[in-house]
Amino acid sequence: MRVIGLTGSIATGKSTAASVLSSPPYSLPLIDADLLARKAVEPGSWGYRHIVSTFGPSTPDLLLPASDPLCGGREDGPNGKGRPLNRPALGRRVFGNSEERVKDRQKLNAIVHPAVRFYMVRSVLYYYLMGYWGVILDIPLMFESGLDIFCGTILVVAVTDPKIQLQRLRSRDPHLSAEDAENRVKSQVDVREKAARNEARNNGNPNAGRGYVLYNDGSKEDLKLQIADTMQKIRDRSPRWWSLLLLLCPPLMATTASWEILWNWWVRRKTVKARGQELAKAKI
């Protein structure tokens with residue numbers, strides 16, 4: 001089974017690409033890291049309890065008020081497991097480039113990422129056993145979290161001009177001020193750096209098929225055309241007979257997956273050395 005990573009930066013069009021890939025004619029299973037991250041911090045979960053204990057004392061509005069409809073007027077939340085997290089308040093706490101906010105992001109990542117990885121592995125195994133030829137891992141922090149080594153192919157949805165990101169972000173989330181929008185964009189590694197990093201996965205061979213960049217500066221139709229061309233290339237490298245063979249022979253699947261992880265780790269290590277340590281920093 002081909003594990004296809006999908007990433008980008010905020011407001012570059014990654015969600016649009018995910019919607020296209022999970023719909024006909026591709027109909028690939030989509031494992032959304034954002035949804036898994038929400039599941040990992042639901043009231044009553046291990047992640048929720050640790051976030052509350054870590055950030056609660058210094059963030060008075062960390063939890064939604066009991067009057068919020070999501071709380072049902074209860075101090076202990078709708079299910080008696082606690083009031084849901086106030087995500088905008090948590091975002092204000094961790095977004096930004098100051099030393100304090102960077103440390104807070106690292107603390108949050110240390111809580112959320114392990115749980116998300118567990119859910120991802122479980123989902124990939126499920127779709128492998130169901131006989132799918134490929135699966136999409138939708139991970140905003142693909143390179144920052146180091147999860148790129150587990151993907152045979154990665155698609156980066158990028159833009160050539162950061163101003164496009166800011167315009168799209170403020171159109172999508174009009175409640176954000178110009179400063180808030182800029183902080184959110186700057187809190188992630190520049191998408192053009194991610195694009196360069198993804199191209200480096202091919203190790204100098206443009207036909208290696210390990211990294212593709214989709215530049216989404218234009219319309220949705222332009223993006224769809226790029227996706228169609230890229231998916232045809234991926235399918236050509238993952239014929240149906242090979243997928244069936246991997247399904248029928250788990251040891252071969254394990255060997256192939258292990259080799260890909262080892263190769264991706266080596267390329268990642270070489271790229272980080274060549275381009276500096278910025279991409280090794282975990283951000284949110």
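Note on numbering: residues in each chain are counted from 1, in written sequence order. In keeping with the model being predicted, local features are shown solely for residues with a pLDDT of at least 70 and side-chain atom pairs are shown and tallied solely at 80 or more, while totals for entire chains, interfaces and linings include all residues. Hydrogen atoms and water are omitted, and side-chain values are computed over all heavy atoms in the structure.

- Under an unreviewed UniProt entry, the name given to the protein is Dephospho-CoA kinase, and the source organism is Exophiala mesophila.

### Observations regarding the sheet that holds strand S4 (residues 153-158)
Sheet strands associate in pairs through backbone hydrogen bonding, adopting either a parallel or an antiparallel arrangement.
Okay, so step 1: Spatial strand order, S2-S3-S1-S4-S5: five strands in an open sheet with parallel pairing. The open sheet has two free edges, formed respectively by strand S2 (30-32) and strand S5 (211-215), since each of these has just one partner strand. Neighbour-to-neighbour, the strand axes of the sheet open up by a mean angle of 20°, direction not taken into account.
Okay, so step 2: The pairing of strand S1 (residues 2-8) with strand S3 (residues 134-138) spans five bridges and is classified as parallel. Note on S3: the bridge partner recorded for Val3 is Val135.
Okay, so step 3: Contacts were defined at the residue level, with two residues in contact if any of their heavy atoms lie within 4.5 Å. Only the contacting stretch of a helix is used when fitting its axis, a line to C-alpha atoms as for every element, and angles between N-to-C directions run 0 to 180 degrees. Only DSSP runs of H or I reaching four residues or more are called helices, and only runs of E reaching two or more are called strands; each is numbered from the N terminus. Along the sheet face, helix H1 (residues 14-21) touches S1, S2, S3 and S4 and points at about 150° away from the line of S1. Should DSSP find at least two bridges between two strands, the strands are taken to pair.

### Regarding the packing of aromatic side chains
The geometry of an aromatic ring pair is captured by the separation of the ring centres together with the interplanar angle, meaning the angle of the planes.
Okay, so step 1: Classification of ring pairs uses Phe, Tyr and Trp, with its six-membered ring standing for Trp, and accepts pairs whose centres are within 6.5 Å; under 30 degrees between planes counts as stacked, over 60 as edge-to-face, and the remaining range as tilted. Taken as a whole and assessed by the stated rule, the structure comprises six aromatic pairs.
Okay, so step 2: The interplanar angle of 70° and the centroid separation of 5.2 Å between the aromatic rings of Tyr126 and Tyr127 together place this pair among those described as edge-to-face.
Okay, so step 3: Under the relative-accessibility criterion, Tyr126 is labelled partly exposed at 47%.
Okay, so step 4: Following the ring pairs from residue to residue traces out a cluster consisting of Tyr126, Tyr127 and Tyr132. Only protein chains enter the area calculation, which uses a 1.4 Å probe; residues under 20% of their type maximum are buried, those over 50% are exposed, and those in between are partly exposed.

### Brief notes about the layout of surface pockets
Okay, so step 1: Put simply, the grid is 1 Å and covers the protein atoms alone, a cavity is a trapped set of points that fit a 1.4 Å probe, a pocket is an open set with protein on both sides within 12 Å along at least five of seven lines, and lining residues have an atom within 4 Å of a point. Grid points are joined across faces, edges and corners, and a volume is the space filled by probe spheres set on the points. Approximately 660 Å³ is the volume attributed to the second largest pocket.
Okay, so step 2: Around the second largest pocket, the lining comprises 29 residues; the ones closest to its centre are Val3, Val124, Phe150, Met253 and Ala257.
Okay, so step 3: Going through the elements one at a time, S1, helix H5 (99-129), helix H10 (240-248) and helix H11 (250-275) are the ones with two or more residues in the lining of the second largest pocket.
Okay, so step 4: Tallied by class, residues from the lining of the second largest pocket come to 19 nonpolar, five polar and five charged.
Okay, so step 5: Split by domain, the residues of the lining of the second largest pocket number at least three in each of domain 1 (1-29 + 133-283) and domain 2 (34-131). By the convention adopted, Pro, Cys, Tyr, Trp, Phe, Met, Ile, Leu, Val and Ala count as nonpolar, Lys, Arg, Asp and Glu as charged, and the other residues, Gly among them, as polar. Just so you know, the domain bounds were taken from an automatic or database domain assignment.

### Notes on empty space enclosed by the protein
Okay, so step 1: For the structure on display, the rule yields one cavity of 30 Å³ or more.
Okay, so step 2: As a volume, the largest cavity reaches approximately 40 Å³.
Okay, so step 3: What lines the largest cavity is simply Asp148, Arg197, Arg201, Asn264, Val267, Arg268 and Thr271.
Okay, so step 4: With four residues, the top contributor of residues to the lining of the largest cavity is H11.
Okay, so step 5: For the lining of the largest cavity, the residue count by class is one nonpolar, two polar and four charged.

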